[in-house]
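Residue strings, one per chain:
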Amino acid sequence: MAGFSLFDPTTFDGAQFDDETARQLRAVIDWFENRGKARLLDDDLNAVWTADFLDFVAEEKIFATFCTPQAYANGDPNKRWDAFRNAQLSEILGFYGLSYWYAWQVTVLGLGPIWMSDNDAAKRRAAEQLDAGGVMAFGLSERAHGADVYSTDMLLTPTDDGFMASGEKYYIGNGNVAGMVSVFGRRTDTVSSGQSAGSAPAQSGHSAGSAPAESGHSAGSAPADSGHSAGSAPAGPDAYVFFVADSSHPNFVLRGNVVHGQMYVSTFALENYPVREEDILHTGADAFSAALNTVNVGKFNLCTGSIGITEHAFYEAITHAHNRILYGNRVTEFAHVRASFVDSYARLAAMKLFSARAVDYFRSATLDDRRYLLFNPMTKAKVTSEGETVVRLLHDVVAAKGYEKDTYFREAAQLIGTLPKLEGTVHVNVALMLKFMPSYMFAPTEYPEVGVRDDASDDTFFFAQGPARGASKVRFHDWKPVYEKHSHVPNVARFHEQALAFEQFLAEAAPDENQQTDLDFLLNVGHLFSLIVYGHLVLELAERISTPLLDQIFDFQVRDFSGYAVALHGKPSSTEAQQRWALGAIRKPFADKARFDAVWNEVVAYDGAYEMKA
């Protein structure tokens, strides 16, 4: 398997990490394994708040070690913000349950505006609270606006010694216990600088942890009021404020949990909450940038959380199906079942490869190399959607077993669909990807090669990303050479044909003026584009997997591209030229029984390989 394998708690030794990181990750695994599957699933079914997990996190200082930049580590050599090891922690937490992952995710989001600020006192408070076992929250989303970063009814009225904040936040994870809640609001005394209303669609749904609407900024320009709360307060970028609130303060009023589950997704209100100078993190356009840049950091946890959930479901599915006899045969002897497993495994492998490579680019980013602005929404939208696809394929195999209360699969099937909908829905992130399509497809540039970033270092750039603007200026390295390098693999070559056809589509039959405002049409174009980017980064780590598995990955890439081409053909606004292109871009992947059997042998090796302790 050329070194590739799914995460397996029984064999994990953390050899790729420093000793303390390996010890802490092993401690997390052991905590869950010692807890046992029955307790884990029972707590999920009974919506038991994860207090004992957070007690363990506090005792082991897990979040403190993984979420404190070195500058505020107070001399602890193990504390740093290291995306390589953070990705592993996120995958492990997803493997055991979304609720545990969620407490981590919203802590990451809550810390973003703090670590990005110039407020040294707030940073030191955050470091102290993490060290004491505290968790954080990210207070952006509101009931009326969802995660529309352009609008907020959290109003800050000036007082002699700061502000008085009043308003309500909705869908805020950890809002019941967070020691510091990063809250987005706007001043009532600042008149708009004349910014026009938002020029791009904003996210209307809620996103757990309250992520902003990435597509709501045009090349990162300063935000403007979208008009949702007319008359509430003067609007515009100059009015925005990010500040920290304390959930234990008497003027912080917890309304309750808006979901039924272990996660506490809170609604809270600030009622004349005193905001002091030392509580202010960002003002004006910097507050807007902090919201978007925070989500750039948090998106990686969504893809790795999805990977963890999917891996656990995969173990249960293959072990169940391969040992179940129907009509005198193993279930896995049926051709359609075996095809579902091979497809699921190939998709899961691609999820892991793309996510790992995207981490490399973010860790290596600079103000002059912001390729991560495309790859990050890909991890959020594409990888999490693939996780949903994998679980759906596996559910078709295990069928009724997937509803049984003593299976992890039930929980996975119920919750895997939440991840594509957090931190901006898929369509929001695909719309964001479209901003980079012209430069990615037609204007490649040279960059120093980005190697595998598994070094134990502090990712300081994550909190110094700069203003959220200039997307049109971002350039990418040429996507064609890596496809050409692997053209000896039949389905890589076939998909490369489709990628070149897409290039021709953009040059000769690009969306016209009316289609440029037809988001339904453009999103389909975005999905076609995303497949090329997805394959690009997968190929950059192709040496990690067997050649048959690589060929199988591009088997589904070819099929998915053809599916989106057919969908484009059927769009109401598609032109005759676009319809001809769509039909001409359809390809059938190369079929190879020996290749398929080789991948199946990789799949079936996971039969019985892992079963969580009872």
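This is a predicted model, so every value here is computed, not measured.

Conventions and cut-offs
- Numbers given to residues run from 1 along each chain, matching the order in which its sequence is written.
- Owing to the predicted nature of the model, reporting of local features is limited to residues with pLDDT of at least 70; listing and counting of side-chain atom pairs is limited to 80 or more, with chain, interface and lining totals taken over all residues.
- Excluded from the side-chain calculation are hydrogens and water; included are all heavy atoms of the structure.
- UniProt positions are given in the numbering used here, feature names are shortened, and annotations may be inferred rather than shown by experiment.
- In DSSP terms, a helix is any run of H or I states spanning at least four residues, a strand is any run of E spanning at least two, and both are numbered starting from the N terminus.
- Note on aromatic contacts: the rings of Phe and Tyr and the six-membered ring of Trp form a pair at centre separations within 6.5 Å, being stacked when their planes are under 30 degrees apart, edge-to-face when over 60 apart, and tilted otherwise.
- Only protein chains enter the accessibility calculation, which uses a 1.4 Å probe; a residue whose area is less than 20% of its type maximum is buried, one above 50% is exposed, and one in between is partly exposed.
- The criterion used for residue contact is that any of the two residues' heavy atoms lie within 4.5 Å.
- By definition here, a salt bridge exists when the distance from a side-chain nitrogen of Lys or Arg to a carboxyl oxygen of Asp or Glu is within 4 Å.
- Two strands are said to pair when DSSP picks up at least two bridges between them.
- Put simply, buried Ala, Val, Leu, Ile, Met, Phe, Trp, Tyr and Cys residues joined by side-chain atoms within 4.5 Å make one nonpolar core.
- Either an automatic procedure or a domain database provided the assignment from which the domain bounds are taken.
- Regarding the arc, it is the one traced by the directions from the helix axis to the C-beta atoms.

Bringing the UniProt feature "domain: Acyl-CoA dehydrogenase/oxidase C-terminal" (unreviewed entry) in the chain into the picture now. In this structure's numbering, the residues bearing the UniProt feature "domain: Acyl-CoA dehydrogenase/oxidase C-terminal" (unreviewed entry) are residues 288–432. For residues 288–432, the helix share is 73%, the strand share is 3%, and the end-to-end C-alpha distance is 16 Å.

With that settled, the discussion passes to the packing of aromatic side chains. Within the structure shown, the criterion is met by 51 aromatic pairs. Here F354 and Y534 contribute two aromatic rings whose centre-to-centre distance is 5.1 Å and whose plane-to-plane angle is 35 degrees, an arrangement assigned as tilted. Placement of F354 in helix α9 (residues 335–363) and of Y534 in helix α16 (residues 519–540) is noted, with a sequence separation of 180 residues between them. Taking the relative accessible area as the measure of exposure, F354 reaches 0% and is therefore buried. Here Y534 falls in the buried class, since its relative accessible area comes to 1%. Note on F495 and F561: the rings are 6.0 Å apart at their centroids and 90 degrees apart in plane angle, and the pair reads as edge-to-face.

Before going further, it helps to spend a moment on the environment of A27. If you trace the backbone, A27 turns up in helix α1 (residues 19–35). Owing to a relative accessible area of 15%, A27 belongs among the buried residues under this scheme. Sequence separation between A27 and D560 is 533 residues, and the spatial gap between their C-alpha atoms is 40 Å. Not counting residues within four places of it along the chain, the set of residues in contact with A27 comprises F56 and E60.

Relative to the assigned elements, T68 resides in the loop between α4 (62–67) and α5 (83–96). Once you skip the residues sitting within four places of it in the chain, T68 turns out to touch F63, A73, K79, R80, W81, W115, A127 and L130.

This part takes up the pattern of salt bridges. Counted by the stated rule, this structure contains 46 salt bridges. D43 serves as the salt-bridge partner of R39, at 3.2 Å between the closest nitrogen and oxygen. Of this pair, R39 and D43 are both found in helix α2 (residues 37–45), four residues apart, which corresponds to roughly one turn of the helix. The class for R39 is partly exposed, based on a relative accessible area of 42%. Linked by salt bridges that have partners in common, D343, R347, K382, E386, D551, D555, R559, D560 and R595 make up one network.

All right, on to the pairing of strand β5 (residues 240–245) then. In terms of burial, β5 is largely enclosed, as six of its six residues are buried. Here β5 shows a buried face lined by Y240, F242 and V244 and a second buried face lined by V241, F243 and A245. Of the strand pairs in this sheet, strand β4 (residues 180–187) and β5 are connected by six bridges, and their pairing is antiparallel. In the sheet register, R186 faces β5, and the bridge partner there is Y240. By the bridge criterion, three bridges tie β5 to strand β8 (residues 280–283) in an arrangement that is antiparallel. Across the sheet, residue F243 finds its bridge partner in β8, namely I280.

Our focus in this paragraph is the nonpolar core. F341, F502 and I553 are the most contacted members of the largest nonpolar core, which totals 179 residues. Here this core spans two domains, since at least three of its residues come from each of domain 1 (19–135) and domain 2 (425–445 + 472–592). Not counting residues within four places of it along the chain, the set of residues in contact with F502 comprises M437, M441, V525, L528, F529, I532, F561 and W581. Judged by nonpolar contacts, the second largest core, of 18 residues, contains A165, A178, F252 and I280.

Once the domains are mapped, the chain shows domain 1 (19–135) and domain 2 (425–445 + 472–592). Distance between the C-alpha centres of domain 1 and domain 2: 37 Å.

With that settled, the discussion passes to helix α18 (residues 576–585). For α18, the set of buried residues is Q578, W581, A582 and A585. An end-on view of α18 places all buried positions within 100 degrees of arc, on one side of the element. Away from its buried face by more than 90 degrees, α18 exposes E576, R580 and L583. In this structure, the buried side of α18 is in contact with α15 (490–508), α16 and α17 (547–570).

Another aspect to go through is unusual backbone geometry. Unlike most non-glycine residues, K61 shows phi in positive territory, near 55 degrees. Within the secondary structure, K61 sits in the loop between α3 (51–60) and α4. At N174, a position not held by glycine, the phi torsion is positive, near 65 degrees. Position of N174 among the secondary structure elements: in the loop between β3 (162–173) and β4. Judged by relative accessible area, N174 falls into the buried class, the value being 1%.

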